[in-house]
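Each chain, letter by letter, is given below.
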Amino acid sequence: MNSNSSAPSISLPPVIAIDGPTASGKGTVAIEVAQALGFHYLDSGALYRLVALASQQQKIQLDDVLSLAKLAAQLKASFANGRVYLNGEDVGDSIRSEAIGLLASKLAVLAEVRRSLIGLQRSFRQNPGLVADGRDMASVIFPDASLKVFLTASTEARAERRYKQLIAKGFSANMTVLLQDLRDRDERDMSRQNAPLQQVEGALLLDTSQLTVDQAVQQVLNWYSALSQ
Ligand code: C5P
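Residues numbered from 1 in each chain as written. Predicted model: local features only at pLDDT ≥ 70, side-chain atom pairs only at ≥ 80, totals over all residues. Heavy atoms only, no water.

I would appreciate a short explanation of the sheet that holds strand β1 (residues 15-19) in the present structure.
Working definition: the strands of a sheet are paired by backbone hydrogen bonds and lie parallel or antiparallel to each other. Strand order in the open sheet formed by five strands is β2-β6-β1-β7-β8, and the pairing between neighbours is parallel. Two strands bound the open sheet, and with one partner strand each, they are β2 (40-43) and β8 (204-207). Averaged over all neighbouring strand pairs, the angle between strand axes comes to 20°, with direction disregarded. As judged from the four bridges shared by β2 and strand β6 (residues 130-134), these two strands associate in the parallel manner. Among the inter-strand pairings, Tyr41 is bridged to a residue of β6, identified as Val131. Sheet strands in contact with helix α1 (residues 26-37) are β1, β2, β6 and β7 (147-152), and its direction is about 175° off that of β6. (Pairing = 2+ DSSP bridges. Helix = DSSP H or I, 4+ residues; strand = E, 2+ residues; numbered from the N terminus. Axes fitted to C-alpha atoms, helices over the stretch in contact; angles between N-to-C directions. Contact = heavy atoms within 4.5 Å.)

Here's what the structure looks like:
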């Protein structure tokens, strides 16, 4: 190997980075890929949602960037059995509301908040490996990921999935409003200066509009196993 190579130490656990827009189904696919491989799973969006929820509870305004960054740096988040906890309290359902998702996407624009969450996200990289789901997993958090996937679906397919998710969780939902919300969030995620959502060089495109979850999971597993052949 070239001595100038920036390749990481081979002792670091492997990472599969799955980035994509909201409601693309990447969370479901990432969880199933992690289960199939026995890897850990990082839901980075949940961290932004937790900061949003905590800021709402503490009545911190969006323009109080220092307090938000401090909140993110001291976030007491934990994950167990598919549930998400904030300060030991199960908030797995409340962070999934559209209002918290929207607030999360506004906080996620702030470089200070993003910086405060880097260490926490990287701490999930443990043996035997990690599947990391988000917007900047391949570009910023794990640029040395073994496999980078950009998982997307049409806006209509995503709005329909989000609609079903919300109804299943007992939230009310309206398709027209959802479509507009998705477009607004895509626009904010893709046009922000800090860690915008993008398909980085080397990331494989997976459009799930016409795929079942099983087909999408299988595709990622095939790509991953092809790396070692
Ligand atoms: O993926 P999810 O919809 O739960 O993420 C909530 C919001 O957090 C997103 O709309 C996005 O703005 C932000 N986010 C981010 N970077 C990540 C994960 C999520 O900016 N790695």
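So, next bit.
Could you clarify how one ought to interpret helix α8 (residues 155-168) in this entry?
Think of an α-helix as 3.6 residues a turn; residues three or four steps apart then line up on the same face. Helix length check: α8 (14 residues) gives 20 Å between terminal C-alpha atoms against 20 Å at 1.5 Å per residue, within 8%. Close packing links the buried residues of α8 with α2 (44-57), α4 (98-107) and α9 (175-191). With its phi angle positive at about 85°, Gly170 sits one or two positions after the end of α8. (Expected span 1.5 Å × (residues − 1).)

I'm lost on the sheet that holds strand β5 (residues 89-90) in this one. Help?
The sheet built from three strands is open, its strands ordered β3-β4-β5 with antiparallel pairing. Each edge of the sheet is formed by a strand with only one pairing partner; in this case those strands are β3 (77-80) and β5. Two elements, β3 and strand β4 (residues 83-86), share four bridges in a ladder whose sense is antiparallel. Looking at β4, one finds that Ala80 is bridged to Arg83. Here α2 sits on the sheet in contact with β3 and β4, set at roughly 40° to β4.

Help me understand helix α3 (residues 65-73), please; the structure alone is not making it clear to me.
Within the span of α3, buried status applies to Leu68, Ala69, Leu71 and Ala72. Buried residues of α3, seen end-on, are gathered within an arc of 160° and therefore sit on one face of the element. Of the exposed residues in α3, the ones pointing more than 90 degrees away from its buried face are Leu66, Lys70 and Ala73. Buried residues in α3 make contact with α2, α4 and α5 (111-116). (Buried < 20%, exposed > 50% of the residue type's maximum accessible area, 1.4 Å probe, protein only. Arc of directions from axis to C-beta.)

Before we go on, may I ask you to explain the site of the ligand in this structure?
Taken together, 18 residues surround the ligand, and among them Arg49, Arg114, Asp136, Asp189 and Arg192 come closest. Arg135 is positioned with one of its side-chain polar atoms (N or O) 3.0 Å from an oxygen atom of the ligand. One of the side-chain nitrogen or oxygen atoms of Arg192 is found 2.9 Å away from an oxygen atom of the ligand. When the ligand is considered free in solution it has 450 Å² of accessible area, and contact with the protein chains removes 97% of it. Within the residue set of the shell around the ligand, elements represented by two or more residues are α2, α4 and α9. (Near = heavy atom within 4 Å. Polar contact = N/O pair within 3.5 Å; in protein donor to acceptor, adjacent residues only side chain to side chain. Areas by Shrake-Rupley, 256 points an atom, 1.4 Å probe, with all protein chains shown as cover.)

How do you make sense of a nonpolar patch on the surface when you look at a structure like this?
On the surface, Tyr163, Ile167 and Met175 cluster together to form a nonpolar patch covering roughly 230 Å² of accessible area. Within the secondary structure layout, Tyr163 lies in helix α8. Exposure remark for Tyr163: the relative accessible area of 30% places this residue in the partly exposed category. (Patch = residues over 30% accessible without salt bridge, like charges linked within 9 Å, V, L, I, M, F, W, Y side chains within 5 Å. Salt bridge = Lys/Arg side-chain N within 4 Å of Asp/Glu carboxyl O.)

Explain the pattern of salt bridges to me, please; I cannot follow it from the model alone.
Side-chain pairs of opposite charge can arise whenever the charged atoms involved come near each other. What the rule picks out here adds up to 13 salt bridges. Measuring nitrogen to oxygen at the nearest pair gives 3.1 Å for the salt bridge that ties Lys26 to Asp133. Of this pair, Lys26 sits in helix α1 while Asp133 sits in strand β6; the two residues are 107 residues apart in sequence, bridging distant segments of the chain. Like Asp133, Lys26 is buried. As a salt-bridge pair, Asp136 and Arg114 come within 2.9 Å of each other at their nearest N and O atoms. Residue Asp136 is found in the loop between β6 and α7 (137-141), and its partner Arg114 is found in helix α5; the two are separated by 22 residues along the sequence. Side by side, Asp136 and Arg114 carry an identical accessibility label, which is buried.

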